[in-house]
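A look at the structure
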Amino acid sequence: MRVHLTTTAAAAVRRGHPWVYRDGIAGGGNAAQRGERRRGERARGEPARGGVAASGDVVELSAEGAAFLGRGLWDAESAIAVRVFQRTQAPQLDERALAERLERAFALRDGWFAGRDTTAYRLCNGEGDRVPSLVIDRYDRAAVVRLDGGMLAPWLDRLLPHLARALGARGVRSIGLRAPAGGADAEGKKLAHLHGPPLPDRLFVRETGVAMEVDLARGQKTGAFLDQRDNRARVRALAAGRRRVLNLFSYAGGFSVAAALGGAGRVTSVDSASAAHASAQRTFRENGVDPAAHEFVTADAFDFLEKAHARGDRYDLVICDPPSFAPSERAKPRALGAYRRLHTAVARVLERGGVLCAASCSSHITAEDFLATLDDATLERDDLRVRAVHGQPEDHPTLPAWWEGRYLKFVVLE
Ligand code: SAH
């Protein structure tokens, strides 16, 4: 099956961008090819030469002046019509080729995490590991698979034996599949069993020598925010000697326990979800830290900040890692406004001489955009400098042309 691209889409594919949006497909008039559906029609695309493609079909990409641009998998449903897997003719795009790429991704992690007392990490970061759509996170003896888009679902049965073998050799016993965003069963569980013994709903993993509870069944992402691992270690180092630490949007308390272990006097964790605090407290205990010496507040972060300011509370270290404010390019102006409001409020409770760690996980917000929400006018003070701007760790690799993959910003102001 052949899919003809517009000049712009072809240039992106040449640079190594792994996505072809539907409007990147040339040929106008062919609604089926663009994946549009008539009422009652099953989702299907119809790449040229009269073939009909279903999700998961291998397609060959061509463009004006280029008979062969690469090969990818067709997605009949999502905005991304093709995810590009290769720009060479050989080898064929089959499960063997995918299994080889996965083995490469896993072998890299073997090296990266050797001797780091870390049992939870991303084994495959989809596009960034050149296996588009496939994310695999390891949580000790369990692995959780997440499929972005619909093109790899028809491949899963064929890939599973390869996965089971390669992961089994590394001590992973069970494999589960994370439901797409918003999907959950009647008990609120978002994890389906694929292979091996049943996956635990909750378990403790180790991260840079710290125990961390992960909720595989109901947690966010595939269970934890693995992308903040190195930043949690940074917070641990920054916390030494700090009397009062504030962790906003604390979720399962990863930054909180890091700060407590780093020597902070009293850590205040704020999250709107009380279940998150229960998990955080179990993590504190597992690390030998008494949660009673710290504070867990179930509240809206904006409300909390307003009240803390009114009370005159001040903190020596503040970590602020909210959920994504900009899920799309269109949401960007509003998101920047929200970050500004948040940072203004945070700066009011930051002690002179304190450290502010501000994070953003929206790929639509660039580092420069984000830094502009931390400028002097927003913070209403002129005593801080940007000490460092960090991003995501090596187990979340990207591609030079795939800017969307570089979503995490972690700015340290002091
Ligand atoms: N910093 C965390 C991840 C944060 S995820 C970590 O590294 O693990 C975002 C968290 O923000 C979720 O736990 C969610 O419950 C919480 N949240 C969302 N909106 C909120 C709000 N307005 N006020 C307080 N917490 C909020």
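Residue positions are given per chain, counted from 1 along the sequence in the order it is written. Owing to the predicted nature of the model, reporting of local features is limited to residues with pLDDT of at least 70; listing and counting of side-chain atom pairs is limited to 80 or more, with chain, interface and lining totals taken over all residues. Side-chain figures throughout are based on the complete set of non-hydrogen atoms in the structure, without hydrogens or water.

Looking at the confidence of the model for the protein
Segments scoring low in pLDDT should not have their predicted coordinates read at a detailed level. For every residue, the predictor reports its confidence as pLDDT, a number between 0 and 100. The pLDDT averaged across the protein works out to 94; a share of 94% of its residues lies at or above 70. Below pLDDT 50 for its whole length, residues 28-32 participates in 7 contacts with residues either more than four positions away or in separate chains. Only heavy atoms matter for contacts: two residues are in contact if any of them lie within 4.5 Å across the pair. For residues 34-45, every residue scores under 50 in pLDDT, and the model assigns this stretch 24 contacts once sequence neighbours within four places are set aside.

Let's talk about the sheet that holds strand 10 (residues 191-195)
Strand order in this open sheet of 5 strands is 6-7-8-9-10, and the pairing throughout is mixed. The strands lining the two open edges of the sheet, one partner per strand, are strand 6 (120-125) and strand 10. Each strand of the sheet is rotated relative to its neighbour by a mean of 25 degrees, with strand direction disregarded. One bridge is not enough; two strands pair if DSSP finds at least two bridges between them. Numbering goes from the N terminus for both helices and strands, where a helix is a DSSP run of H or I of at least four residues and a strand is a run of E of at least two. In this structure, strand 8 (residues 142-147) lies alongside strand 9 (residues 174-178), joined through 4 bridges in parallel fashion. By the bridge assignment, Val-145 is partnered in strand 9 with Leu-177. Note on definitions: angles span 0 to 180 degrees between N-to-C directions of axes, and those axes are lines fitted to C-alpha atoms, for helices only across the stretch in contact.

Looking at the state of the cysteines
Any two cysteine sulfur atoms lying within 2.5 Å of each other are counted as a disulfide. Scanning the model with the defined rule gives 0 disulfides in all. Cys-357 provides the cysteine sulfur closest to Cys-320, a residue in no disulfide bond, and the two sulfurs are 10 Å apart. Buried means the residue's accessible area, taken with a 1.4 Å probe over protein chains only, is under 20% of the maximum for its type, while exposed means over 50%, and partly exposed covers the values in between. Residue Cys-320 is classed as buried on the basis of its relative accessible area, which comes to 0%. Cys-320 provides the cysteine sulfur closest to Cys-361, a residue in no disulfide bond, and the two sulfurs are 11 Å apart. Given a relative accessible area of 25%, Cys-361 falls into the partly exposed group.

Describing the environment of Ile-319
Tracing the backbone through its elements, the reader meets Ile-319 in strand 16 (residues 315-320). Along the chain, Ile-319 and Arg-232 lie 87 residues apart, while their C-alpha atoms are 10.0 Å from each other. Sequence-distant contacts of Ile-319, defined by excluding residues within four places in its chain, comprise Val-235, Val-245, Leu-246, Asn-247, Leu-248, Phe-255 and Cys-357.

Some words on helix 1 (residues 7-15)
Residues of helix 1 that are buried include every one of Ala-9, Ala-10, Ala-12 and Val-13, and no others. Down the axis of helix 1, the buried side of the element spans an arc of 160 degrees, and every buried residue falls inside it. Of the residues in helix 1, the exposed ones pointing more than 90 degrees away from the buried face are Thr-7, Thr-8 and Arg-15. The secondary structure elements touched by the buried residues of helix 1 are strand 1 (2-5), strand 2 (19-21), strand 3 (58-63), strand 4 (66-74) and strand 5 (80-86). Immediately beyond the C-terminal end of helix 1, within one or two residues, lies Gly-16, with a positive phi of roughly 105 degrees. The reported arc concerns the directions from the helix axis to the C-beta atoms and nothing else.

Here we look at the site of the ligand
Distances are taken per atom, and a residue is near a molecule or strand as soon as one of its heavy atoms is within 4 Å of it. Taken together, 15 residues are adjacent to the ligand, and Asp-271, Ser-272, Asp-300, Ala-301 and Asp-321 come closest. One nitrogen or oxygen atom from the main chain of Phe-249 is found 3.2 Å from a nitrogen atom belonging to the ligand. Here Asp-321 contributes a side-chain N or O atom positioned 2.7 Å from a nitrogen atom of the ligand. Here, Shrake-Rupley sampling with a 1.4 Å probe gives the accessible areas, and only protein chains in the shown set may cover a residue. In the complex, 87% of the free accessible area of the ligand, which totals 580 Å², lies under the protein chains. Following the grouping adopted for this structure description, the nonpolar residues are Ala, Val, Leu, Ile, Met, Phe, Trp, Tyr, Cys and Pro, the charged ones are Asp, Glu, Lys and Arg, and the polar ones are all others, Gly among them. For the shell around the ligand, the class distribution of residues is 8 nonpolar, 3 polar and 4 charged. Polar contacts here mean pairs of N or O atoms no more than 3.5 Å apart (in protein, one a potential hydrogen donor and the other a potential acceptor; neighbouring residues in sequence count only if both atoms are side-chain atoms).

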